[in-house]
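The residues making up each chain are set out below.
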Amino acid sequence: MGWLWAIIVGFVLGLLAKAIIPGKQHSPLWLTTICGILGAIAGNAIARGFGVDETAGIDWARHAFQLAAAVVIVFLVDMAYMTMRGKKRERA
């Protein structure tokens, strides 16, 4: 069940990250989901480093770190994906 939640959270974080980043991202949905999963893992590690990984109620700070990490990862991976495909990034 943990893997299913990781995929669901990664999917949602990846889509939110794509919505936050200006312009069009060309990476496929499966790659966005993997980036979201990596963002969740990195965000948890960063939150743990700041001491906010476990709080009473909803862990808003941890989720903010996860989303910020997902935005950075999706942005970097999309740039790398477009470079490998030989296309230039479109500006909004």
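Our structure's up above, just so we're on the same page.
Residues numbered from 1 in each chain as written. Predicted model: local features only at pLDDT ≥ 70, side-chain atom pairs only at ≥ 80, totals over all residues. Heavy atoms only, no water.

So, the nonpolar core
Membership of the largest hydrophobic core is limited to eight residues, which are Leu-13, Ala-17, Ile-21, Cys-35, Ala-40, Ala-70, Val-71 and Val-74. Only helix 1 (2-20), helix 2 (29-50) and helix 3 (60-85) provide two or more residues apiece to this core. Ranked by residues supplied to this core, first place goes to helix 3 with three residues. Ignoring sequence-local partners within four residues, the contact set of Leu-13 consists of Gly-36, Ala-40, Gln-66, Leu-67 and Ala-70. (Core = buried A, V, L, I, M, F, W, Y, C linked by side-chain atoms within 4.5 Å. Buried < 20%, exposed > 50% of the residue type's maximum accessible area, 1.4 Å probe, protein only. Helix = DSSP H or I, 4+ residues; strand = E, 2+ residues; numbered from the N terminus. Contact = heavy atoms within 4.5 Å.)

Focus on the packing of aromatic side chains
To describe a pair of aromatic rings, one takes the distance between the centres and the angle between the planes. Counted by the stated rule, this structure contains one aromatic pair. Pairing Phe-50 with Phe-65 gives two aromatic rings, centres 5.3 Å apart and planes at 10°, and the pair type is stacked. In this pair, Phe-50 sits in helix 2 while Phe-65 sits in helix 3, placing the two residues 15 residues apart along the sequence. Residue classification places Phe-50 among the exposed positions, given a relative accessible area of 59%. (Phe/Tyr/Trp six-rings, centres within 6.5 Å; stacked < 30°, edge-to-face > 60°.)

Focus: the pattern of salt bridges
Scanning all chains against the criterion turns up one salt bridge. Put simply, Arg-62 and Asp-59 hold a salt bridge, and the shortest N to O gap is 3.2 Å. Among the residues examined, Arg-62 registers a relative accessible area of 21% and is labelled partly exposed. (Salt bridge = Lys/Arg side-chain N within 4 Å of Asp/Glu carboxyl O.)

Here we look at the environment of Ala-47
In this fold, Ala-47 is placed in helix 2. Along the primary structure Ala-47 and Val-74 are separated by 27 residues, whereas in three dimensions their C-alpha atoms are 19 Å apart.

A look at helix 2
Because an α-helix packs 3.6 residues into every turn, residues spaced three or four apart end up facing the same way. Here helix 2 is 22 residues long and its end C-alpha atoms lie 31 Å apart, about the 32 Å a rise of 1.5 Å per residue gives. Regarding helix 2, the residues found buried are Leu-31, Thr-32, Thr-33, Cys-35, Gly-36, Gly-39, Ala-40, Gly-43 and Ala-47. Elements that come into contact with the buried residues of helix 2 comprise helix 1 and helix 3. (Expected span 1.5 Å × (residues − 1).)

Re a nonpolar patch on the surface
On the surface, a cluster of nonpolar side chains totalling about 760 Å² of accessible area is made up of Leu-4, Trp-5, Ile-8, Val-9, Phe-11, Val-12, Leu-15, Leu-16 and Leu-29. In terms of residue count, the dominant contributor to the nonpolar patch is helix 1 (eight residues). Judged by its relative accessible area of 45%, Leu-4 is partly exposed. (Patch = residues over 30% accessible without salt bridge, like charges linked within 9 Å, V, L, I, M, F, W, Y side chains within 5 Å. Areas by Shrake-Rupley, 256 points an atom, 1.4 Å probe, with all protein chains shown as cover.)

Looking at the packing of helix 1 against helix 2
It is the contact of helix 1 with helix 2, at a shortest axis distance of 7 Å, that shows an interaxial angle of 105°. Overall, the two elements helix 1 and helix 2 adopt an arrangement that is roughly perpendicular. The segment helix 1 lies against helix 2, with Ala-6, Ile-7, Val-9, Gly-10, Phe-11, Leu-13, Gly-14, Leu-15 and Lys-18 engaging Leu-29, Thr-32, Thr-33, Gly-36, Ile-37 and Ala-40. The class makeup of the residues in the contact of helix 1 with helix 2 is nine nonpolar, five polar and one charged. (Axes fitted to C-alpha atoms, helices over the stretch in contact; angles between N-to-C directions. Parallel < 35°, antiparallel > 145°, perpendicular 65-115°, else oblique. Nonpolar A, V, L, I, M, F, W, Y, C, P; charged D, E, K, R; others polar.)

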